[in-house]
Amino acid sequence: MSVAAKVASWPARWQQRIWRRSAADSGSVVLRHRRIYILPTRRGLALIATLATMLIASMNYGLALGFALTFLVAGLVASALLQTYRSLAGLAISPLAASEAFAGGELGFSLSLANPGSPARSIVVATAQGRSVRLDLEAGATQIVQLSAEATRRGRQALGRVTLWSDFPLGLWRAWAYVHFPLAGIVFPSPEAPAPPLPAGHEGSDARRSARAAEAELAGLRDYQRGDALNRIAWRAVARGAGWYSKQFEGAGGRGPLDLEWAALPPSLAAEARLSRLTAWILAAEREARAFGLEVPGLSLAPGQGAAHRRAALTALALFPAERRP
Amino acid sequence: MILATASAAPLARAQLAWLVALVFLSQLPLLPHVPLWVAAAGMALPAARLLLPADWWPSPRMRRWLLPLLALALAVAIRMRFGYLLSRDPCVAFLYVLVGIKFAETRSARDGGLLACLALFLLLTQFFYTQTIGAALITLPALLVLGGALAALRDAPPPGADWRAPLVRTGRMILQGIPVAAFLFILFPRLAGPLWGMPADAGARTGLSDRMAPGSISSLTLSDEVAFRVDFQGPPPPPAQRYWRGPVLSRFDGEAWTPLPWLRRGELAPRSAGQRIVEYDVTLEPQGRQWLFALEHPASMPQRAADGPPQSSGIDRVILTAEQQLLSRTPPLQTVRYSQRSALGNGFPASGTLEARENLQLPPDRSPRTVSFAHELRDRSGSDRGFIAAVLQRFRTEPFVYTLSPPLLGSEPVDDFLFDGKRGFCEHYAGAFVVLLRAAGIPARVVTGYQGGEINPDGGYMIVRQSDAHAWAEALLDGVWQRFDPTAAVAPSRVERGLGAALPQGEPVPYLARVDMTWLKRLRLHWDAINYQWQRGVVGFNIERQRGLLRELGLDLGRPWEVVIVAATAITLWVAFVLGSARLRARRADPAAELWARANRRLARAGLARAREEGPVAYAGRAAARWPRWRPLFVSLGENYALLRYGPESVRRDELLAALRANVAALPNVRALRAAS
């Protein structure tokens, strides 16, 4: 980096050093004096104001012992400052993992906090959203902190800047430090509820499977939907004039893999609504243990089953670009 | 956020217990200094809050207006008791009850924080009244509890938590803070005078009075209390010349002596040849009076002693009366210290003819026997001096007794004493002596003050106690006021050896005025020496002492950058000391980790750093592979540490630790390692 570039980037570097606005921390961060800030709490300020009053009284009345008392308490306050600093200094924080959640749910992040051999500490770990966890770390202990965040919008949700603070031991000072890891969880679109039933899958090509399907136990009826196979329609109910229903079967492995297609959805549906419906269908397919393929603009997943497949599909929906229109 | 919810939540019982302990401990030192009902009210409220069941206690809504109303009522009561409100004593009394009221209405942690601040200030107010060692010591438990209360307010202790741990922690923090406190105490700039006028309210104290009636001094001599202490430059004067001049009493109503109601300024008496000059510093305990004491007769005005407390500002405004008495404009409220010079002697010239007339007055038709006896005696003796000698001779030869418990005197106390009882204390002798002289036409007056003083062998200063209070007489002869001590005629040892030697056996002499040095008395003298050092060194640390000390240290408060450099260095050293000692403690707590870290550091310097997540055995294996010459050592090191750290509880920790220590000690140094790799 040239000298000029260094000078030019100086304000930005300092801003980052002071506020840690970008997620530039990597690996394990050890809190040192460069990161630790400390200011009096409201109670600390009140006590310092009291000390100032006591000082003025001692000066006016020439009270040597008044001075002594005032300065003794001032020494206590100064010592508390170092103790508060010490309750953060040396702490090692490293990012562990972020969970996944559906929008509207709770996203979890885990960090590991190690107390390297210093005394027991009592600290609070708070997220930018204002959620916080209070924890006591024994000397030499390592603890995993679970931070939760409200999953607001689908997509990648970063943990953001985490504040570790402590007002141990007297509550007169508040020391804090920012750490900002590039830790992000994935927020899947919130499933549509109630969602329309799954579209019908492909019919299996071999006869044995369809035969098995016919033998399958009738599980119930559901509203008829355009595209349902004719042999599934509950004709008896139609004849009674009770309305159009389709039969549903339990344990029917014979139904072919589903094709969950963006394009097959009604054109009136908005992009986010489509994502929500697809999410709901993926979940439904998972519940019914049916294989599914996913077809969204720019991405197509071959039919499959299982947690990894489901996760890939949901992630694809979560990261679907918001502005893109098919 | 947690912070907000925690400070608004109602206080737990343990938090209340800490706060009430703080309130009581901060009120305790003030008990002797506030009126009894104030003391009771201020302590009753917290006790009631703690002891009464919750449903007996008014609801929070009622409390919101009930308690301010109570505070107002108490303020009015205090105003009525003191006669004014905006002054020191009523303010202290009000703060005292306010702390109690605040506790009664404390609901949240925020209230608790305010209460702690109020209690801390209340703790200071006791020093308005007393600055003894005891007063300093009694604040220490309150400080410990202050730390405990703050810790409890920060985080409510779980039920059954150890209440000693916060006290120990606070104590450690106070100890850590002592360098800061000492630094500030020494360097914080002191003021030469008060910021605003100090109210002149001082309570009744033991000491001389300006009214002398039979019994008034003898009751004072029952007190062991220190009146003042004296540091002489050079040898102290002999006992017979230790007359500390106090109020001069010229008016007599037949029973009691009082000073003249007017005050005339005087001038320092001119020095006569051959007079010995003594220089000394007086540390005067507050007596609530304007009087400053000096040996007869003052040769200078009192100067504030170089090491006197700053309230000696009253000392700057001292006047000398025509009666050669030193008066401070305002009564010193605290211990004052002044330098004084005196010319030892027993006479000084009168300032005018007026004095002769003022000091001949006698109440008409009183003491008839005394008056006729004086006339008769004066006629018999040829001169005024001859008359005085005859009077003193009479005291010496007649069976007069010097006693603290004279018989009750009738309506003519002087007659009764001189002709019937013949038993009395110094005030009887001095009073009767002056009446005799006046009746014979010689101007005379009573002088009160202290006579004597005891040298404390433990510190080499003189203690003058209330029991040294004395009264003597002065007669105007040939234009010179001359001292006569009729008590000395009756009991010469009173002047030579003090009260204890002069009084007959069985008299209620105060313990410390007795002559024999028992171990208890010696102990008391040691204690007095400590107290005196305390008064001079700590309580008396003022602007001059500060300047002197800084000059010795070579520091000038007038050069700010010097102070800044010294302060910055001191702060750095202190921070390094506190943080370093904490790290040291942590090391001592886990020696295995420390040894392992030392080994890691050395290997890292030799070029083999431990990977962050590398275990001890793996790391030691890597080292063994790199330096095969020391393979067994590295393997043993890694295994020993791994066993200590991760091994089962059953391992012999001390043996393993010793082995690990031996391993680390046997580790080759960096140069050898580098050379071998």
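Within every chain, residues take consecutive numbers counted from 1 along the sequence as written. The naming scheme follows written order: chains are lettered A onward, ligands numbered 1 onward. Per-residue local features of the predicted model are confined to residues with pLDDT of at least 70, and side-chain atom pairs are confined, for both listing and counting, to 80 or more; whole-chain, interface and lining totals are unaffected and use all residues.

1. As for the overall build of chain A
Logical step 1: Numbering goes from the N terminus for both helices and strands, where a helix is a DSSP run of H or I of at least four residues and a strand is a run of E of at least two. Regarding its fold elements, chain A presents eight helices and 17 strands.
Logical step 2: Residue burial in chain A is summarised as follows: out of 326 residues, 36% are buried. Residue burial here comes from a neighbour count, namely the number of other C-beta atoms, placed from the backbone, that lie within 10 Å of the residue's own C-beta, with 20 or more meaning buried, 12 or fewer meaning exposed, and in between meaning partly exposed.

2. Observations regarding the overall build of chain B
Logical step 1: A tally of helices and strands in chain B yields 25 helices and 19 strands.
Logical step 2: A principal-axis box enclosing the C-alpha atoms of chain B has dimensions of 125 × 70 × 50 Å.
Logical step 3: Relative to its full complement of 677 residues, chain B shows a buried share of 40%.
Logical step 4: Considering only contacts within chain B whose residues lie at least 6 apart along the sequence, 74% involve residues at least 24 apart. Contact criterion: two residues are in contact if their C-beta atoms, reconstructed from the backbone, are within 7 Å.

3. A word on the sheet that holds strand E6 (residues 291–292) of chain B
All names here are of chain B.
Logical step 1: What the three strands build is an open sheet, ordered E6-E10-E9; its pairing is antiparallel. Either end of the sheet is taken by a strand with one partner, and the two such strands are E6 and strand E9 (318–320).
Logical step 2: Pairing geometry for E9 and strand E10 (residues 326–328), over three bridges, is antiparallel. Residue pairing in the sheet places Leu-320 in a bridge with Leu-326 of E10. Two strands qualify as a pair provided DSSP detects at least 2 bridges between them.

4. Let's talk about the pairing of strand E12 (residues 184–188) of chain A
Residues and elements named next belong to chain A.
Logical step 1: Here strand E4 (residues 100–102) runs beside E12; their pairing, made up of three bridges, is parallel. Within the sheet, the bridge partner assigned to Phe-102 lies in E12 and is Phe-188.
Logical step 2: Sheet analysis places strand E9 (residues 155–158) next to E12, joined by four bridges and oriented antiparallel. Paired with Gly-155 across the strands is Val-187, a residue of E12.

5. Digging into the pairing of strand E1 (residues 226–233) of chain B
Residues and elements named next belong to chain B.
Logical step 1: Most of E1 is tucked away, with six of its eight residues classed as buried.
Logical step 2: Here E1 pairs with strand E17 (residues 461–465) via four bridges, running antiparallel. In the strand pairing of E17, Arg-229 is matched with Ile-463.

6. Comments concerning the environment of Phe-541 of chain B
All names here are of chain B.
Logical step 1: By the secondary structure assignment, Phe-541 is in the loop between helix H18 (519–539) and helix H19 (543–553).
Logical step 2: C-beta crowding within 10 Å serves as the criterion here: with 20 such atoms nearby, Phe-541 is assigned to the buried category.
Logical step 3: Along the primary structure Phe-541 and Arg-190 are separated by 351 residues, whereas in three dimensions their C-alpha atoms are 9.1 Å apart.

7. Comments concerning the interface of chain B and chain A
By convention, interface size is frequently given as the accessible area that disappears when the constituent parts associate.
Logical step 1: The interface of chain B with chain A comprises 55 residues on the first partner and 47 residues on the second.
Logical step 2: Residue assignment for the side of chain B that touches chain A shows that the elements contributing at least two residues are helix H6 (109–125), helix H7 (133–154), helix H8 (164–187), H18 and helix H20 (560–589) of chain B.
Logical step 3: With 10 residues, the top contributor of residues to the side of chain B that touches chain A is H8 of chain B.
Logical step 4: Note that Gly is not counted as nonpolar here; it falls among the polar residues with everything else outside the nonpolar set of Ala, Val, Leu, Ile, Met, Phe, Trp, Tyr, Cys and Pro and the charged set of Asp, Glu, Lys and Arg. Its residues placed into classes, the side of chain B that touches chain A shows 41 nonpolar, nine polar and five charged.

8. Here's the deal with the domain arrangement of chain B
Logical step 1: Either an automatic procedure or a domain database provided the assignment from which the domain bounds are taken. For chain B, the assigned domains read domain 1 (2–178), domain 2 (216–519) and domain 3 (590–676).
Logical step 2: The straight-line distance from the C-alpha centre of domain 1 of chain B to that of domain 3 of chain B is 56 Å.

9. Regarding unusual backbone geometry
Logical step 1: The omega torsion of the bond from Phe-168 of chain A to Pro-169 of chain A falls at 5°, within 30 degrees of zero and hence cis.
Logical step 2: Residues other than glycine seldom take positive phi values, yet Ser-367 of chain B does so here, at roughly 50°.
Logical step 3: As for its position among the elements, Ser-367 of chain B is in the loop between helix H10 (353–358) and helix H11 (368–380).
Logical step 4: Judged by the 25 C-beta atoms lying within 10 Å of it, Ser-367 of chain B falls in the buried class.
Logical step 5: Of note in the backbone geometry, Lys-422 of chain B takes a positive phi value of approximately 55° without being a glycine.
Logical step 6: Of note, Lys-422 of chain B is situated in the loop between helix H13 (413–421) and strand E14 (423–424).

10. Section: the domain arrangement of chain A
Residue and element names in this part refer to chain A.
Logical step 1: Per the domain assignment, the segments making up chain A are domain 1 (14–188) and domain 2 (189–206 + 257–326).
Logical step 2: Computed from C-alpha coordinates alone, the two centres of domain 1 and domain 2 are separated by 44 Å.
Logical step 3: At the junction of the two partners, domain 1 supplies nine residues and domain 2 supplies 10 residues.
Logical step 4: Secondary-structure elements contributing two or more residues to the side of domain 1 that touches domain 2 are E9 and E12.
Logical step 5: Looking at the side of domain 1 that touches domain 2 element by element, the count peaks at three residues for E12.

11. A few points about the sheet that holds strand E3 (residues 92–98) of chain A
Residues and elements named next belong to chain A.
Logical step 1: Reading across from one edge, E1-E3-E5-E8 is the order of the four strands in this open sheet, with antiparallel pairing throughout. Of all the strands in the sheet, just strand E1 (29–30) and strand E8 (142–150) have a single pairing partner and so form its edges.
Logical step 2: In this sheet, strand E5 (residues 106–114) lies alongside E3 in antiparallel orientation, the contact comprising six bridges. Along E5, the bridge assignment pairs Pro-95 with Leu-111.

12. Quick notes on the packing of helix H21 (residues 591–605) of chain B against helix H24 (residues 653–666) of chain B
Angle between the axes and distance between the axes are the two parameters that describe a pair of packed helices.
Residue and element names in this part refer to chain B.
Logical step 1: Closest axis-to-axis distance for the H21/H24 pair is 10 Å, and the angle between their directions is 20°. One finds that H21 runs roughly parallel with respect to H24. In this structure, H21 crosses over H24, and the sense of that crossing is left-handed. Facing Pro-591, Ala-592, Leu-595, Arg-598 and Ala-599 of H21, the residues of H24 in contact are Leu-657, Leu-660, Arg-661 and Val-664.
Logical step 2: Partitioning the contact of H21 with H24 into residue classes produces seven nonpolar, no polar and two charged. Only C-alpha atoms enter the line fits that serve as axes; for helices the fit covers just the stretch in contact. Angles between N-to-C directions range over 0 to 180 degrees. Every angle not falling under 35 degrees, over 145, or within 65 to 115 is termed oblique; those three ranges are roughly parallel, roughly antiparallel and roughly perpendicular. The sense of a crossing depends on the near helix, which, turned anticlockwise from the far helix by less than a right angle, makes the crossing left-handed and, turned clockwise, makes it right-handed.

13. Notes on the environment of Ala-280 of chain A
Residues and elements named next belong to chain A.
Logical step 1: Relative to the helices and strands, Ala-280 resides in helix H7 (residues 271–287).
Logical step 2: Residues Ala-280 and Pro-189, spaced 91 residues apart in sequence, show a C-alpha to C-alpha distance of 9.0 Å.
Logical step 3: In this view, Ala-280 contacts Pro-191, Glu-192, Ala-193 and Ala-195; residues no more than four positions away in its chain are not counted.

14. Considering the nonpolar core
Within soluble globular proteins, side chains that are nonpolar tend to cluster in buried spots.
Logical step 1: Formed by 135 residues in total, the largest nonpolar core has its most connected members in Leu-88 and Leu-164 of chain A together with Leu-22, Tyr-96, Ala-119 and Ala-149 of chain B.
Logical step 2: Residue contributions to this core peak at 16 residues, all from helix H4 (residues 64–86) of chain A.
Logical step 3: Non-local contacts of Leu-22 of chain B, meaning those with residues more than four positions away in its chain, are made with Ala-116, Ala-119, Ala-142, Val-145, Leu-146 and Ala-149 of chain B.
Logical step 4: One nonpolar core equals one set of buried Ala, Val, Leu, Ile, Met, Phe, Trp, Tyr and Cys residues connected by C-beta atoms within 7 Å. Core analysis: the second largest hydrophobic core is formed by 78 residues, Met-212, Val-226, Ala-491 and Val-495 of chain B among them.

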